[in-house]
Amino acid sequence: MTAYMEPRESARYGFGDDERRILELLAGRYAGANPPVPFALRAFAKTGVLQTGDGLYDMDFSVKLPEAADGEFAYAYGLVWSDDERSIDGVMEPLGPVRLYVNEEQLYRSSAVDELKPDARAVIPLLLRKGWNAFLVEAQKTAAGFGCRFGADEAKVRILQVLAPFAGRSGKAGWVFTETAKSRIFGPEKGFPDFKLAEEETGFSWHPRLKWTQEEESLPNCERLFGVPVQPAAAYGWCELQVPSVDESVVLEGRVLGPTSIWLDGRKVAELVSAGSYRMQVFVAPGLRQLLVRSVSSPGGWGFECSAYAGGRLLQLGLPAAIHGGEGAWLYAGPLDPAAELDPQAVCTTAALYPAIDSEGRAAGFTYWMVDAPQTRVRPYYENAMLSNKWTTGSATNYGRWDYPLGVTMYGMLRTARELNRDDLSEYALGHIRNCTDLYTYSLWDRNEYGFPSVNHQLVIIKMLDNCGSFGSAMLEAYLQTRNESFLRIADVIAEFMLEKLERRPDGAFYRLCPGEYSADTMWADDLYMSAPFLIRYAEATGKQEARDEAAKQFLLYKRYLFMEPEGVMSHVFDFKYGKATRVPWGRGNGWCLFSLSELLEKLPGDHQDREELLVMFRELCAGVAALQSESGLWRQVLNQPEAYEEASCTAMFAYAFARGVRFGWLDGSKGYAAAAHKAWQGLTSGAIDRQGNVHGVCSGSRYSYSPDYYMYDLRTVVNDNHGIGIMMLAGVEISKLKNAAAKPVCTSLQETVPQQREE
């Protein structure tokens, strides 16, 4: 037996067979450890270093510094924060001679081959320490090129978010870079810049620039930010003011250069039809208030001034949202069509885009908020728990991240909330999902504007089922509960990808094309989970039963490739490069199959053409899996290898499937399946869930191999890995339902009645 804890430390020791208390423990620990921290809003200069579609930072200095001469040097400097020690692989694509220093240690120096080979690419292991990590890139110009592209491998998963160094840039996003220098200015012999000091102390000029010139500073605010339009244009200014508790009114005064509207907390308090000065008294309750100004350009200029007073005292205006590295008190959006007036309540948000026009008044896509600094936009960033090469997440919150393990976690939270009648847990999960979906439209625009999205990386760059199926399924589970139409609009995009764009074999089976990667031309058992639960819910949400039919078809196709006779379990992968399955029955891969098949059978009509064949598949898999359960109640990492360690996530999925099979009548409980489910749950609560709600014994994210040793010895377990937390909750929910069903009169027929409504 694999021991993850002493019996006294286990949840079972503290709570016995009370699975509802253990569900509270699991859900409470997860929510407490992953507080609802929103996206971070940061100032970012578009004239700085942007990213490629693969997420690499594009430091092509021949573009940034076109006057550079051969032999000259330039440097890019940035900071990366890590909440814990974290290992990721960096990718360097040199365009000429390049060196990379991390925390003043040289990790890479290009070779002559790297510098001259057009497609040179080096993978650099990066071990980030807890706290700040300083990255310095040195580039020298030659006839071959000048600069590099650098970032994280699998950038949409292992996010490498770079912040600006130096005291004057604190909180801003993005790299800074120098002007050119005739010789080296930094390095082991010259010393390194101190990111804590003011940049002026380095003795060099850094880009992008922070301040306006005196000439720019003298311009009206909207002209300074957006230029002088040929045709009339509008812009919004948005700020926050604190009204003291002793006052019931404020005085607004200032000057405008064209037609201007002013709102206070969404209530219009002024409509100024022409340029001039204004002064007005406005009655308003004390507290934080939203001030919104809409300025339209005129022949006399474009802009506004606004001050607020209460009790004769000047009130401090401030940014209406926490903008790290933000300048001034106002956010600005423009140029906009002056004929299109927006609802002020819809304007005062950081989750929306605004329809833009060009200087000629023609539609020009969309725009977002700016701060009062040169070419400096506001961007939301995901800064929570970042994945490493081992899929560990550290101590930072996972809240708001869109990825497949968290899809299972949110599904588990929603089901647990219903089982326990806990609205707070439901709202927590819904909030996590909404945090992604509310910024979906923005994140698409952000990718197009800056090369690579700052949020919703996997949702925006959908290339495989991992990116969309699991979290998309949780989102649809939330839709069926809330009927939030924004969830369904995103689901339509995911469904289109699965049903019309995803790679297929000639027989229609989903597979992974992945050209140039180790996993090229493979079929994974995991992908039944990454596709079927979403398709099932999409059919339920939209009435498009072809999605459900596709899910049924995929199970039968995958069985042809992956089912292992005579063991009665599934191979993890079929590799078409070699024309055969790996014949390694990875535990969680089989868990994904049974888990997802039980969800399909629940929704498949009794007269569906594939139902009987799918029931046979379910029973065959259950029989094969049940025969391999260990004495502890857990199953092994490789199901048929007695030396493999006992693994918790597959055990939870088998308990889930067995419990549902008995409860819905697909399995005969008297043949030991109910006992196997209970034994598995007892094994989990006594050996994998501790009294604090931590989950042990969950294998980290897997690649694949023809050798069982890879799964047994290379893939180790991680405490509180997201691959196991949600499914642990789901197993507890199903054990609770199985107990309740056992307390009712037993139906002896195995002809299960298909539920007529969603289970609550």
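Scoring rules and cut-offs
Residues numbered from 1 in each chain as written. Predicted model: local features only at pLDDT ≥ 70, side-chain atom pairs only at ≥ 80, totals over all residues. Heavy atoms only, no water. Salt bridge = Lys/Arg side-chain N within 4 Å of Asp/Glu carboxyl O. Helix = DSSP H or I, 4+ residues; strand = E, 2+ residues; numbered from the N terminus. Buried < 20%, exposed > 50% of the residue type's maximum accessible area, 1.4 Å probe, protein only. Expected span 1.5 Å × (residues − 1). Pairing = 2+ DSSP bridges. Lys, Arg positive; Asp, Glu negative; His and termini not counted. Polar contact = N/O pair within 3.5 Å; in protein donor to acceptor, adjacent residues only side chain to side chain. Contact = heavy atoms within 4.5 Å. Axes fitted to C-alpha atoms, helices over the stretch in contact; angles between N-to-C directions. Phe/Tyr/Trp six-rings, centres within 6.5 Å; stacked < 30°, edge-to-face > 60°. Lys NZ or Arg CZ within 6 Å of the ring centre and 35° of its normal. Patch = residues over 30% accessible without salt bridge, like charges linked within 9 Å, V, L, I, M, F, W, Y side chains within 5 Å. Areas by Shrake-Rupley, 256 points an atom, 1.4 Å probe, with all protein chains shown as cover. Charge placed at Lys NZ, Arg CZ, Asp CG, Glu CD. Core = buried A, V, L, I, M, F, W, Y, C linked by side-chain atoms within 4.5 Å. Disulfide = S-S within 2.5 Å. pLDDT = per-residue confidence, 0-100. Parallel < 35°, antiparallel > 145°, perpendicular 65-115°, else oblique. Left-handed = near helix turned anticlockwise from the far one by under 90°. Nonpolar A, V, L, I, M, F, W, Y, C, P; charged D, E, K, R; others polar.

Undergrad: Help me out: how do you make sense of the pattern of salt bridges in this one?
TA: Pairing is possible between side chains that carry opposite charge, provided their charged atoms lie close to one another. Tallied over the full model, the rule gives 46 salt bridges. Notably, a salt bridge pairs Glu-199 with Arg-169, separated by 2.7 Å at the nearest N-O pair. Taken as a pair, Glu-199 in the loop between β10 (176–178) and β11 (206–207) and Arg-169 in the loop between β9 (147–152) and β10 lie far apart in primary sequence, 30 residues in all. Judged by relative accessible area, Arg-169 falls into the buried class, the value being 3%. In this structure, Asp-575 and Lys-577 form a salt bridge, with 3.1 Å as the shortest nitrogen-oxygen distance.

Undergrad: Teacher, can you tell me more about helix α15 (residues 545–562) here?
TA: Side chains three or four residues apart in an α-helix point the same way, a direct result of the helix having 3.6 residues per turn. Compared with an ideal rise of 1.5 Å per residue, which puts 18 residues at 26 Å, α15 spans 26 Å between its outermost C-alpha atoms and is within 8% of the ideal. Turning to α15, its buried residues are Ala-547, Arg-548, Glu-550, Ala-551, Ala-552, Gln-554, Phe-555, Leu-556, Leu-557, Tyr-558, Tyr-561 and Leu-562.

Undergrad: Help me out: how do you make sense of the pairing of strand β15 (residues 267–272) in this one?
TA: Taken residue by residue, a regular strand's side chains alternate between the two faces of the sheet. Examined bridge by bridge, strand β14 (residues 260–264) and β15 share 5 bridges and lie antiparallel to one another. Within the sheet, the bridge partner assigned to Ile-262 lies in β15 and is Ala-270. With antiparallel pairing between neighbouring strands as the criterion, β14 and β15 make up a hairpin whose turn holds 2 residues, including Asp-265 at a positive phi of roughly 55 degrees.

Undergrad: Help me understand the side chain of Asp-690, please; the structure alone is not making it clear to me.
TA: As for its position among the elements, Asp-690 is in the loop between α19 (673–687) and β33 (698–699). Although Asp-690 is buried, it makes no salt bridge; Arg-29 carries the closest opposite charge, 7.0 Å away. In this structure the side chain of Asp-690 is engaged in a polar contact, spanning 2.9 Å, whose partner is the backbone nitrogen of Asn-694. One polar contact links Asp-690 to His-696, side chain to side chain, over a distance of 3.0 Å. With residues up to four places along the chain from it excluded, the contact list for Asp-690 reads Met-5, Glu-9, Ser-10, Ala-11, Leu-25 and His-696.

Undergrad: Is there a simple way to explain the sheet that holds strand β8 (residues 131–140) in this structure?
TA: Two pairing modes exist for strands in a sheet, parallel and antiparallel, and in both the strands are linked by backbone hydrogen bonds. A sheet is described by the order of its strands in space; here 6 strands give the open sequence β6-β5-β8-β3-β10-β11, paired in antiparallel fashion. Strands with a single pairing partner mark the edges of an open sheet, and in this sheet they are β6 (105–109) and β11. Across 4 bridges, the pairing between strand β5 (residues 98–102) and β6 is antiparallel. When the sheet's bridge partners are listed, Leu-100 is paired in β6 with Tyr-108.

Undergrad: What am I meant to see in the sheet that holds strand β30 (residues 580–581) here?
TA: Judged by pairing direction, the sheet is antiparallel, and its 3 strands sit side by side in the order β26-β29-β30 without closing on themselves. The open sheet terminates on both sides in strands that have one partner only, identified here as β26 (522–524) and β30. Relative to β30, strand β29 (residues 573–575) runs antiparallel, the two being bridged by 2 bridges. The partner of Phe-574 across the bridge, within β30, is Ala-581. This element, α15, spans β26, β29 and β30 of the sheet and lies at about 115 degrees to β26.

Undergrad: Honestly, helix α21 (residues 722–742) in this entry has me stumped. Any pointers?
TA: Look at α21: 31 Å from first C-alpha to last across 21 residues, which is about the 30 Å you get at 1.5 Å a residue. Of all 21 residues in α21, 17 are buried; the element is thus mostly enclosed.

Undergrad: What should I look at first to understand the pairing of strand β1 (residues 40–45) in this one?
TA: Most of β1 sits inside the fold, with 6 of its 6 residues counted as buried. Side chains Ala-40, Arg-42 and Phe-44 project from β1 onto one buried face, and the interleaved Leu-41, Ala-43 and Ala-45 project onto a second face that is buried too. Here β1 pairs with strand β25 (residues 376–381) via 6 bridges, running antiparallel. Each bridged residue has a counterpart across the sheet, and for Ala-40 the counterpart in β25 is Tyr-381. Here 2 bridges tie β1 to strand β21 (residues 323–324), and the two strands are oriented parallel to one another. Each bridged residue has a counterpart across the sheet, and for Arg-42 the counterpart in β21 is His-324.

Undergrad: For this particular structure, what's the right way to read unusual backbone geometry?
TA: Across residues other than glycine, the phi torsion is negative in most instances, and most of the peptide bonds are trans. Following Gly-334, the chain continues into Pro-335 via a peptide bond in cis, with omega recorded as -10 degrees. Of the consecutive residues Glu-565 and Pro-566, the connecting peptide bond is found in the cis state with omega at 0 degrees. With respect to the secondary-structure elements, Pro-566 resides in the loop between β27 (563–564) and β28 (569–570). At Asn-456, a position not held by glycine, the phi torsion is positive, near 55 degrees.

Undergrad: Is there a simple way to explain the environment of Ala-581 in this structure?
TA: Locating Ala-581 in the fold gives a position in strand β30. Residues Ala-581 and Ala-143, 438 residues apart in the sequence, show an inter-C-alpha distance of 49 Å. Sequence-distant contacts of Ala-581, defined by excluding residues within four places in its chain, comprise Tyr-561, Ser-571, Val-573, Phe-574 and Tyr-706.

Undergrad: Can you walk me through the packing of aromatic side chains in this structure?
TA: The way to describe two aromatic rings as a pair is by their centre distance and the angle between their planes. Counted by the stated rule, this structure contains 48 aromatic pairs. Ring plane angle 75 degrees and centroid distance 5.4 Å describe the contact between Tyr-561 and Phe-576, whose orientation is recorded as edge-to-face. You can see Tyr-561 sitting in helix α15 and its partner Phe-576 sitting in the loop between β29 and β30, a full 15 residues away along the chain. Linked through ring pairs, Tyr-75, Tyr-77, Phe-166, Phe-186, Phe-204 and Trp-206 together constitute an aromatic cluster. The ring centre of Phe-664 lies 4.6 Å from the NZ or CZ of Arg-663, which sits over that ring.

Undergrad: Even after reading the chapter, I still don't get a negative patch on the surface, so can you show me in this structure?
TA: A contiguous patch of negative charge, built from Glu-104, Asp-194, Glu-200 and Glu-201, is present on the exposed surface. Residue placement: Glu-201 occurs in the loop between β10 and β11. Judged by its relative accessible area of 56%, Glu-201 is exposed.

Undergrad: Teacher, can you tell me more about the nonpolar core here?
TA: Across soluble globular proteins, nonpolar side chains have a tendency to be buried as a group. With 128 residues, the main nonpolar core has Met-413, Ile-494 and Phe-658 as its most contacted residues. Ranked by residues supplied to this core, first place goes to helix α18 (residues 648–663) with 11 residues. Sequence-distant contacts of Met-413, that is, excluding residues within four places in its chain, are made with Ala-27, Tyr-30, Ala-31, Leu-425, Tyr-428, Ala-429 and Met-729.

Undergrad: I tried to follow the state of the cysteines on my own but got confused; where do I start?
TA: Covalent bonding between the sulfur atoms of two cysteines defines a disulfide. Overall, the coordinates contain 0 disulfides when judged by the stated rule. Not engaged in a disulfide, the cysteine Cys-222 finds its nearest cysteine sulfur in Cys-306; these two sulfurs lie 12 Å apart. Take Cys-222: its relative accessible area is 0%, and that puts it in the buried class. No disulfide involves Cys-593; its sulfur sits 11 Å from the nearest other cysteine sulfur, which is in Cys-622. Residue classification places Cys-593 among the buried residues on the basis of a relative accessible area of 1%.

Undergrad: For this particular structure, what's the right way to read the confidence of the model for the protein chain?
TA: Predicted coordinates in areas of low pLDDT are best not read in detail. Mean pLDDT over the protein chain works out to 94, with 96% of the residues at or above the 70 mark. Within the model, pLDDT remains below 50 along residues 746–757, and this stretch shows 15 contacts once partners closer than five positions in the same chain are excluded.

Undergrad: Which parts of the structure should I look at to understand the side chain of Asp-446?
TA: Mapped onto the elements, Asp-446 comes out in helix α10 (residues 440–450). Accessibility expressed as a relative area gives 0% for Asp-446, which makes it buried. Of the polar contacts made by the side chain of Asp-446, one reaches the backbone nitrogen of Ser-454; its length is 3.1 Å.

Undergrad: When you look at the packing of helix α17 (residues 611–626) against α18 in this model, what are you seeing that I'm missing?
TA: The relative placement of two packed helices comes down to the angle between their axes together with the axis-to-axis distance. Packing of α17 against α18 brings their axes to within 11 Å, and their N-to-C directions diverge by 130 degrees. Accordingly, the angle class assigned to the pair α17 and α18 is oblique. Where α17 crosses over α18, the handedness of that crossing is left-handed. Contact residues: Phe-618, Cys-622, Val-625 and Ala-626 in α17; Phe-654, Ala-657, Phe-658 and Gly-661 in α18. For the contact of α17 with α18, the per-class residue count stands at 7 nonpolar, 1 polar and no charged.

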